[in-house]
Amino acid sequence: MPREPHAVLGVEPGASPEDIKGAWRGLARQHHPDLIGDDPEAARRATRRMAEINAAYAALTRAGETIEARRRGASGATGMNGTATDTVRRGGPPPDKPTRPITARLDLSGTVPPR
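All of these numbers come straight from a predicted model, not from anything done at the bench.

### As for the overall build of the chain
So, point 1. Across its full length, the chain holds three helices and zero strands.
So, point 2. If you list the helices and strands of the chain from N to C, you get α-α-α.
So, point 3. The buried share of the chain, reckoned over its 115 residues, is 14%.
So, point 4. Contacts in the chain between residues far apart in sequence, at least 24 positions, make up 41% of those at least 6 positions apart.
So, point 5. Surface exposure of the chain reaches about 9800 Å², of which carbon and sulfur atoms provide 56%.

### Section: the nonpolar core
So, point 1. Residues Leu9, Val11, Ile20, Ile53 and Leu60 are the most contacted members of the largest nonpolar core, which totals 13 residues.
So, point 2. Sorting the residues of this core by element identifies α1 (5-9), α2 (17-31) and α3 (40-75) as the ones contributing at least two each.
So, point 3. Tallying contributions element by element places α3 first for this core, with five residues.
So, point 4. With residues near it in sequence (within four places) discarded, Ile53 still touches Val8, Leu9, Trp24, Leu27 and His31.

### With respect to α2
So, point 1. Taking 1.5 Å per residue, 15 residues should reach 21 Å; α2 reaches 21 Å between its end C-alpha atoms and fits that length.
So, point 2. Those residues of α2 that fall on the buried side of the exposure criterion are Ile20, Ala23, Leu27 and Ala28. Each buried residue of α2 lies within a common arc of 135 degrees when the element is viewed along its axis, so the set occupies one face. Along α2, the residues that are exposed and aim more than 90 degrees away from the buried face are Glu18 and Arg29.

### Comments concerning the pattern of salt bridges
So, point 1. With the rule as written, the count across this model stands at three salt bridges.
So, point 2. The salt bridge partner of Glu41 is Arg45, with a shortest N-O separation of 3.9 Å. With Glu41 and Arg45 both in helix α3 and four residues apart, the pair spans about one turn of that helix.
So, point 3. The exposure class of Arg45 is partly exposed, given its relative accessible area of 47%.

### Observations concerning the environment of Ala51
So, point 1. In this structure, Ala51 sits in helix α3.
So, point 2. As a C-alpha pair, Ala51 and Ala28 span 23 residues in sequence and 10.0 Å in three-dimensional space.

### Regarding the packing of aromatic side chains
So, point 1. Applying the stated rule across the entire model yields one aromatic pair.
So, point 2. When the ring of Trp24 is compared with that of Tyr57, the centres are 4.9 Å apart and the planes differ by 25 degrees; the resulting orientation is stacked. Note that Trp24 is positioned in helix α2 and Tyr57 in helix α3, a separation of 33 residues in sequence.
So, point 3. Residue classification places Tyr57 among the buried residues on the basis of a relative accessible area of 19%.

About the cut-offs
- Residues numbered from 1 in each chain as written.
- Predicted model: local features only at pLDDT ≥ 70, side-chain atom pairs only at ≥ 80, totals over all residues.
- Heavy atoms only, no water.
- Helix = DSSP H or I, 4+ residues; strand = E, 2+ residues; numbered from the N terminus.
- Buried < 20%, exposed > 50% of the residue type's maximum accessible area, 1.4 Å probe, protein only.
- Contact = heavy atoms within 4.5 Å.
- Areas by Shrake-Rupley, 256 points an atom, 1.4 Å probe, with all protein chains shown as cover.
- Core = buried A, V, L, I, M, F, W, Y, C linked by side-chain atoms within 4.5 Å.
- Expected span 1.5 Å × (residues − 1).
- Arc of directions from axis to C-beta.
- Salt bridge = Lys/Arg side-chain N within 4 Å of Asp/Glu carboxyl O.
- Phe/Tyr/Trp six-rings, centres within 6.5 Å; stacked < 30°, edge-to-face > 60°.

All quantities given are derived from atomic positions and should not be read as evidence of function.
Structure below.
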């Protein structure tokens, strides 16, 4: 049964994002599998503990994002087409690069010798 994310990181439920990140960094320095050594069993335990720490951090940071998104949605911060103005792109192909119109052509054919 997974533990409560605040208990895993050792922070209070009303902790600020800076406190959450600080707690995560401290635990990562303490439990990171690369810092354990050559003992395979200790490395397995550290890997499981680090996965639990990372999952708790992700859960708390995701929860903060959804609260902020709800606040923005409740305040009516929308663009001209009715979508939220501070939307975050997630997944999919990258957007097309903006293009500039070609305003003139430069003839460089005389600068390169023919083959």
